[in-house]
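# Summary of the model geometry
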Amino acid sequence: MGIMYDPEQGERFARIAELVEKSDTVAICAHTSPDGDALGSTLALEMVLRAKWPEKHYVNLLADDEPVPRIYSYLPGSENLVPASSFVGSPDLFVSVDVSVPARLNHGEAVMRRARMRAIIDHHPCDEPVADACMIRPSAAAAGVLVCEFALFLGVEITSDIARCLYCAIATDTGRFQYQNADPEAFRVASLLVNAGASPSELSLNVYQNFSLAYLHLESLVMGRITTFAGGRVSYSYATAGDLKRTGASLDECDGLVDAVRSVAGSEVSLFLKEIPGGKVRGNLRSKTDHDVSGVARALGGGGHKAAAGFTIEGDIDEALSEALPLVVALFSDADVSDEGSDAR
Ligand code: 5GP
Ligand code: MN
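Structure report, in brief. (Residues numbered from 1 in each chain as written. Chains lettered and ligands numbered in written order. Predicted model: local features only at pLDDT ≥ 70, side-chain atom pairs only at ≥ 80, totals over all residues. Heavy atoms only, no water.)

## Considerations on the side chain of Thr247
- By the element assignment, Thr247 lies in helix α9 (residues 241–247).
- A polar side-chain atom of Thr247 sits 2.8 Å from the main-chain carbonyl oxygen of Asp243.
- Of note is the side chain of Thr247, whose polar atom sits 3.4 Å from the backbone oxygen of Leu244.
- Among all residues touching Thr247, those that are not within four sequence positions of it are Ala214, His217, Leu218 and Leu221. (Helix = DSSP H or I, 4+ residues; strand = E, 2+ residues; numbered from the N terminus. Polar contact = N/O pair within 3.5 Å; in protein donor to acceptor, adjacent residues only side chain to side chain. Contact = heavy atoms within 4.5 Å.)

This is the structure in structure tokens:
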């Protein structure tokens, strides 16, 4: 079964391909705090472009200075990622993957500004993308879906390494095919990828059955503190810098903690806060119903999708909670901000 996409998508891919053809050096970069989609999609895109245009020079950048998260280090090519802060060149073309907002490129933003041309391949809604060509489609479950469709558009063979990276992108961004974005297209592309050599068990063993003991201890702390608001429709928990220190968990392991918070029966919107270096708090928002959490994230200086969004604000957990919670509870106009559970702070 072929993968279908609309003709406009073909035109957009053709425009990106034109930019690659006019380039000698191409830099690829995803967002800060890269997740499975960010990493899988950039690694795969580099392999796809290299297969189509082997004579060109590619560099695959990391937005941050941190190494690739341990659970994603099994992805082929991850050892070749270069921190954007140490890349001094000015590429002909800069491709943003899984990100449209320049500030979310962290150190990649400076490279983007030095580039002669810019392209975006993303599935985050963006009102005014700044690029010479872009393929932005929020209905795509993951940026990896778009990268796969780009490969098919280019006639590039999906090798098993490309498939492994793209399968990671789609499986993680759909929460193992469990979130609202797990649509027929995500399954069609995943099926094609498994057929091409991706292994669901490899993904699972590396990403979902590979937690450090320190992380599991932190998760149990976070679960022990889950509190509900708005008649049980909002669930909340947090981790302080002290919690991370005491348990020995690392920040990049904490991405999944919001999933524990959202798993509470009856909760529709979930908020997880964690203290990060620099006197800041990072917030993750998730929606299980049609309440749109992206507006809350935007109001707090962040962004994201309707069902999954994030933000970063100055202050400690208490300050962040007092800013964020009223906005979250206001999604339920008929509810007040009374604390239903225990141990709220
Ligand atoms: P997470 O909570 O997993 O960090 O992010 C959820 C979704 O919202 C992701 O798709 C992520 O790219 C997006 N997102 C998270 N934080 C921000 C932010 O600060 N700004 C924008 N524009 N998007 C964000
Ligand atoms: Mn994504």
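## What about the sheet that holds strand β8 (residues 234–239)?
- With mixed pairing, the six strands of this open sheet are ordered in space as β7-β8-β9-β10-β12-β11. The two strands at the open ends of the sheet, each matched to only one other strand, are β7 (227–229) and β11 (303–304).
- One ladder, built from six bridges, connects β8 with strand β9 (residues 269–276); its direction is parallel. By the bridge assignment for β9, Tyr238 is matched with Leu273.
- Its contacts with the sheet put helix α12 (residues 317–329) on β7, β8, β9, β10 (280–287) and β12 (308–314), and the angle it makes with β9 is roughly 160 degrees. (Pairing = 2+ DSSP bridges. Axes fitted to C-alpha atoms, helices over the stretch in contact; angles between N-to-C directions.)

## With respect to the sheet that holds strand β6 (residues 133–136)
- If you walk across this open sheet you meet the six strands as β3-β2-β1-β4-β5-β6, and the pairing is parallel. Either end of the sheet is taken by a strand with one partner, and the two such strands are β3 (82–83) and β6.
- The pairing of strand β5 (residues 117–122) with β6 spans four bridges and is classified as parallel. Note that in β6 the partner of Ile121 across the bridge is Met135.

## A few points about the pairing of β8
- The buried fraction of β8 amounts to six of the six residues, a majority that puts the element mostly inside the structure.
- Here β8 shows two buried faces, one formed by Val234, Tyr236 and Tyr238 and the other by Ser235, Ser237 and Ala239.
- In terms of strand pairing, β7 meets β8 through three bridges, oriented antiparallel. In the strand pairing of β8, Thr228 is matched with Ser235.
- Taking the residues that link successive antiparallel strands as the turn, the β7-β8 hairpin has four residues, and the phi of Ala230 there is positive, at about 50 degrees. (Buried < 20%, exposed > 50% of the residue type's maximum accessible area, 1.4 Å probe, protein only.)

## Details of the site of ligand 1
- As a matter of local geometry, ligand 1 sits amid 14 residues, with Arg104, His124, Arg282, Asn284 and Arg286 nearest to it.
- Taking Asn284, its side chain carries an N or O atom lying 2.8 Å from an oxygen atom of ligand 1.
- Sorting the residues of the shell around ligand 1 by element identifies β10, β11 and β12 as the ones contributing at least two each.
- At four residues, the largest contribution of residues to the shell around ligand 1 is made by β12.
- In the shell around ligand 1, the residues fall into four nonpolar, seven polar and three charged. (Near = heavy atom within 4 Å. Nonpolar A, V, L, I, M, F, W, Y, C, P; charged D, E, K, R; others polar.)

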